[in-house]
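# Working through the structure, step by step
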Amino acid sequence: MRRLLCGLSTLALTLGAAAGASAQAVRSGFLDVPLPRGDDIYTNSTFGFAINYFGTVSDVNIVCSNGYVILGAFAPSGPTCAFPGPLSVLSAPDLNNLRTFYGSLLAPYFADVNTAFEGNPGGLVYYGTGTVNGMNAWAATWDGVAGWGGPTSLTFQTVLIDRGAGDFTMEFNYGFLGWPAEGGIGFTDDGGVTGEPVVAELATDQPPINSRLTCVFTDGVPSCSDLVNIPEPSTVVLLGSALLGLAGLAVRRRGAR
């Protein structure tokens with residue numbers, strides 16, 4: 001009984017401490033550089049470490065305001081990073097069409113974003129470097145951005161975490177997606193090394209609030225999980241309180257004997 005009580009108390013205290021930490025799917029930080037406001041905006045960036053993506057090793061990328069990151073040195077045609085297809089918030093994004101335009105890319109939520117709105121929500125796209133669990137990381141974050149048809153609110157993110165020797169973990173993280181439009185979620189490869197283009201659609205429905213999709217790339221080959229919900233801090237606190245209550249009840253019962 002004593003071991004059980006100690007175990008319950010320790011677990012409860014651990015959960016309580018965890019509640020003080022971030023329990024949000026969208027990771028904080030990584031807001032070093034904002035993209036300019038506008039429609040179909042893009043900028044060149046570097047990860048700060050090389051990734052092996054289907055056999056192609058590279059550090060360079062292009063962040064596009066429409067919810068995707070182009071890998072490698074490929075430049076969009078013209079001055080904008082266009083949203084292929086009808087310019088409507090109700091259009092259905094097509095990852096294969098996007099691959100035809102831009103080749104290899106990561107799309108946490110390929111959709112028709114417009115950050116030209118300065119009012120509500122007035123969000124921006126950011127990118128930057130940082131660490132995750134002590135490992136070097138890079139992220140692009142669409143922070144409360146708007147849809148092309150008018151102000152709405154979407155918060156999502158892609159994070160790349162360096163695991164060394166080109167291996168990396170890719171996260172697609174989701175906050176609130178208050179937008180009726182579909183978004184293309186997945187990644188593509190232009191087949192430059194393997195000769196076989198890849199279009200991986202990882203999710204077809206709008207992700208729930210505070211969820212995460214993870215892919216681990218080892219020797220250039222991905223292994224992906226399903227979308228999972230990240231527990232809210234309030235849930236962790238309630239669970240910790242319940243466990244402490246159970247421990248206290250057990251102590252009272254033992255003392256009543």
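Preceding this section is the structure that the text describes.
Residues numbered from 1 in each chain as written. Predicted model: local features only at pLDDT ≥ 70, side-chain atom pairs only at ≥ 80, totals over all residues. Heavy atoms only, no water.

## Description of the packing of aromatic side chains
To describe a pair of aromatic rings, you give the distance between the ring centres and the angle between the ring planes. The final tally for this structure, using the stated rule, is 14 aromatic pairs. Seen in terms of ring centroids, Phe47 and Trp138 are 4.9 Å apart; in terms of plane orientation they differ by 75 degrees. Their pairing is edge-to-face. Placement of the pair is Phe47 in strand β2 (residues 42-53) and Trp138 in strand β7 (residues 135-147), with a sequence separation of 91 residues. Note on accessibility: Phe47 and Trp138 belong to one class, buried. Ring geometry for Tyr68 and Tyr102: centres 5.8 Å apart, planes at 25 degrees, overall stacked. Taken as a pair, Tyr68 in strand β4 (residues 68-71) and Tyr102 in helix α2 (residues 95-102) lie far apart in primary sequence, 34 residues in all. Accessibility assignment for this pair places Tyr68 and Tyr102 in one class, buried. Taken together, the ring pairs connect Tyr53, Phe54, Phe168, Phe187 and Phe217 into an aromatic cluster. (Phe/Tyr/Trp six-rings, centres within 6.5 Å; stacked < 30°, edge-to-face > 60°. Helix = DSSP H or I, 4+ residues; strand = E, 2+ residues; numbered from the N terminus. Buried < 20%, exposed > 50% of the residue type's maximum accessible area, 1.4 Å probe, protein only.)

## Some words on the pattern of salt bridges
Inspection of the entire model under this criterion finds 2 salt bridges. For Glu171, the salt bridge goes to Arg27, with nearest N and O atoms at 2.8 Å. With Glu171 in strand β9 (residues 167-178) and Arg27 in the loop between α1 (2-20) and β1 (33-34), the pair connects residues that are 144 residues apart, well separated along the chain. Note on Glu171: relative accessible area 5%, which makes it buried. Look at Arg27 and you get partly exposed, because its relative accessible area is 24%. Linking Arg212 and Glu171 is a salt bridge whose minimum nitrogen-to-oxygen distance equals 3.7 Å. Separated by 41 residues along the polypeptide, Arg212 in strand β12 (residues 211-218) and Glu171 in strand β9 bring together distant segments of the chain. On the basis of relative accessible area, Arg212 is assigned to the buried category, the value being 12%. Residues participating in the shared-partner salt-bridge network are Arg27, Glu171 and Arg212. (Salt bridge = Lys/Arg side-chain N within 4 Å of Asp/Glu carboxyl O.)

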